[in-house]
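Each chain, written out:
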Amino acid sequence: MAGRNSLFIPGPTNMPERVRLAMDIYTEDHRAGSAPEFMMPLFEDLKKVFRTKSGEIIVFPSSGTGGWEAAITNTLSPGDKVLTARIGQFSSLWVDSCRALGIVVEDIDVEWGEGVPVDLIAERLAADKQHEIKGVIVCHNETATGVTSDIKGVRQAMDACNHPALLYVDGISSIGAIEFEMDAWGVDLAVAGSQKGFMLPAGLGLVGVSQKALEAGKTATCPRFYFDFRMMINQNRTGYGPYTPAMGLLRGLRASTDMLLEEGMENVWNRHHHLAEGVRRAVRAWGLKTCAQKAQWQSDTVTAIMVPEQINGQELIKRAYNDFNLSLGAGLARMAGKLFRIGHLGDLNECMLFSALGGAEMVMRDMGMAIEPGKGVGAAVEYWRKNS
């Protein structure tokens, strides 16, 4: 098929040419004397993306799921209890991973399309007089439903009852794209993945770790070796790693971190909001609704768009790919077939998003949906034109 694939899944995201070229290098010696000159400034600059001064940033050769396993095993012991909210597919996976590692999970099951219920978390923590809950685990941006939750509000709820639990945050599809404040929000474990806001291929799990979390690691007894924080930190402080690092990806990470910091994190966040709002204007013009049930929960990195009952969202996605070489995100688990998703994070601008909106209009019309040609695209045009 002529032309390139139009990639609008919520990760992996489009990779900038600058990042691709940074990884297009000869194999290098990761034990060379010059390695610390590259590695140590990178870790310091990653702190600026996570927005932490006191925390440590650890980069594992893994997916974001590996970062989550590291966060759990380095700070908890089998039998410890955590509190979490199941708001979508990925928050559900973190529940499963905790239980597989021997952690007891107190799970608040929420209707998909809603955010983390801060009020219920506050109630559960206030009732935990013996402080049996060792951690509160929340998904900042649930890509399955296009929902962003209030992490600052969760921290305020924890502080209001003076609860000592650690705050664990899945920031895989938020860090590097939408507002995230590790220190200001009191986040103890923040997990990111290279394939989202960092605009890289999958393969790096990035974990921000507070000093409180490092202290908890001294008594944590979950087995760990590959994902051991202390082993990584001790070696990283010398500019090296305890085992072979993914140097090609790290070169790309250096380039993507430079791009984020050159643009400025506040500008990155504003750009994502600007693009997302144009997509949401298009959805409303189509007469459709987002999975996110309230405006306060609508994600600036992915929009999950509900389709009419007679339309199979999976078929829509299949046709988009086969007929127009357009990759859209599928509905997952409970939402399979009920929606399609447009990812709008990473290396994107308005003209790139026009292809996603125009392609979606063509597919929806081909499937018999009453979509007026250009209606959604036009709504996005007017919003972006007037607010640029």
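Heads up: the structure comes first, above all this text.
As the structure is a computational prediction, the values presented were derived from the model and not from experiment.

Peer 1: Which residues make up the packing of aromatic side chains, and what values do they have?
Peer 2: Counted under the stated rule, the structure contains eight aromatic pairs. With a centroid separation of 5.7 Å and 70° between ring planes, the pair formed by Phe180 and Trp185 is classed as edge-to-face. Judged by relative accessible area, which is 1%, Phe180 ranks as buried. Residue classification places Trp185 among the buried residues on the basis of a relative accessible area of 9%. Taken together, the ring pairs connect Phe60, Tyr226, Phe227, Phe229 and Tyr243 into an aromatic cluster. The side chain of Arg251 reaches across the aromatic face of Phe38, ending 3.9 Å from its centre.

Peer 1: Any details on the side chain of Thr84? Residues and values, ideally.
Peer 2: You can see Thr84 is positioned in strand β3 (residues 81-86). At a separation of 2.8 Å, a polar atom in the side chain of Thr84 contacts the main-chain carbonyl oxygen of Ile137.

Peer 1: Give me the lowdown on the pattern of salt bridges, citing residues and values where you can.
Peer 2: A side chain of one charge can pair with a side chain of the opposite charge when the charged atoms of the two come close. The full count for this structure, using the stated rule, is 28 salt bridges. For Arg124, the salt bridge goes to Glu106, with nearest N and O atoms at 3.0 Å. In this pair, Arg124 is assigned in helix α5 (residues 118-127) and Glu106 in strand β4 (residues 104-109), connecting sequence segments 18 residues apart. Accessibility expressed as a relative area gives 32% for Arg124, which makes it partly exposed. Between Lys218 and Glu215 there is a salt bridge, with its nearest N and O atoms 3.0 Å apart. Lys218 gets classed as exposed once you look at its relative accessible area, which sits at 56%.

Peer 1: Go over the sheet that holds strand β12 (residues 326-330), please, and point to the residues and values.
Peer 2: Strand order in the open sheet formed by four strands is β1-β12-β13-β11, and the pairing between neighbours is mixed. Looking at the sheet topology across the chains shown, the edges are occupied by β1 (6-8) and β11 (302-306). Neighbouring strand axes in the sheet, compared pairwise and without regard to direction, differ in orientation by 35° on average. Packed onto the sheet, helix α12 (residues 350-366) meets β1, β12 and β13 (339-343) and runs at close to 165° relative to β13.

Peer 1: Any chance you could break down the packing of α12 against helix α13 (residues 375-387) for me, citing the residues and the numbers?
Peer 2: α13 packs onto α12 with a crossing angle of 160° between their chain directions and a minimal axis gap of 8 Å. Our classification of the angle between α12 and α13 gives roughly antiparallel. With respect to the hand of their crossing, α12 and α13 are arranged in right-handed fashion. Side by side, α12 and α13 meet where Glu350, Leu353, Phe354, Leu357, Gly358 and Glu361 of the first sit next to Lys375, Gly376, Val377, Ala380, Val381 and Trp384 of the second. Partitioned by chemical class, the residues of the contact of α12 with α13 number seven nonpolar, two polar and three charged.

Peer 1: Describe the pairing of β3, listing the residues and the values that go with them.
Peer 2: The buried fraction of β3 amounts to five of the six residues, a majority that puts the element mostly inside the structure. The pairing of β3 with β4 spans six bridges and is classified as parallel. The residue bridging Val82 from the neighbouring strand is Val105, located in β4. Pairing of β3 with strand β5 (residues 133-139) involves four bridges; the strand directions are parallel. Bridge assignment links Thr84 to a residue of β5, and that residue is Ile137.

Peer 1: Could you give me a rundown of unusual backbone geometry, with the residues and numbers involved?
Peer 2: At the junction of Gly11 and Pro12, the peptide bond is cis and its omega measures out at 0° in the coordinates. Its place among the elements puts Pro12 in the loop between β1 and α1 (17-23). For Asn162, which is not glycine, the phi torsion reads 55° and is therefore positive. Mapped onto the fold, Asn162 is located in the loop between α6 (151-160) and β8 (166-170). Given a relative accessible area of 64%, Asn162 falls into the exposed group. Positive phi outside glycine occurs at Asn325, with the angle close to 55°. Topologically, Asn325 is positioned in the loop between α11 (313-324) and β12. Residue Asn325 is classed as buried on the basis of its relative accessible area, which comes to 12%.

Rules of the game
Residues numbered from 1 in each chain as written. Predicted model: local features only at pLDDT ≥ 70, side-chain atom pairs only at ≥ 80, totals over all residues. Heavy atoms only, no water. Phe/Tyr/Trp six-rings, centres within 6.5 Å; stacked < 30°, edge-to-face > 60°. Buried < 20%, exposed > 50% of the residue type's maximum accessible area, 1.4 Å probe, protein only. Lys NZ or Arg CZ within 6 Å of the ring centre and 35° of its normal. Helix = DSSP H or I, 4+ residues; strand = E, 2+ residues; numbered from the N terminus. Polar contact = N/O pair within 3.5 Å; in protein donor to acceptor, adjacent residues only side chain to side chain. Salt bridge = Lys/Arg side-chain N within 4 Å of Asp/Glu carboxyl O. Pairing = 2+ DSSP bridges. Axes fitted to C-alpha atoms, helices over the stretch in contact; angles between N-to-C directions. Contact = heavy atoms within 4.5 Å. Parallel < 35°, antiparallel > 145°, perpendicular 65-115°, else oblique. Left-handed = near helix turned anticlockwise from the far one by under 90°. Nonpolar A, V, L, I, M, F, W, Y, C, P; charged D, E, K, R; others polar.

Nothing here speaks to function; it is geometry throughout.
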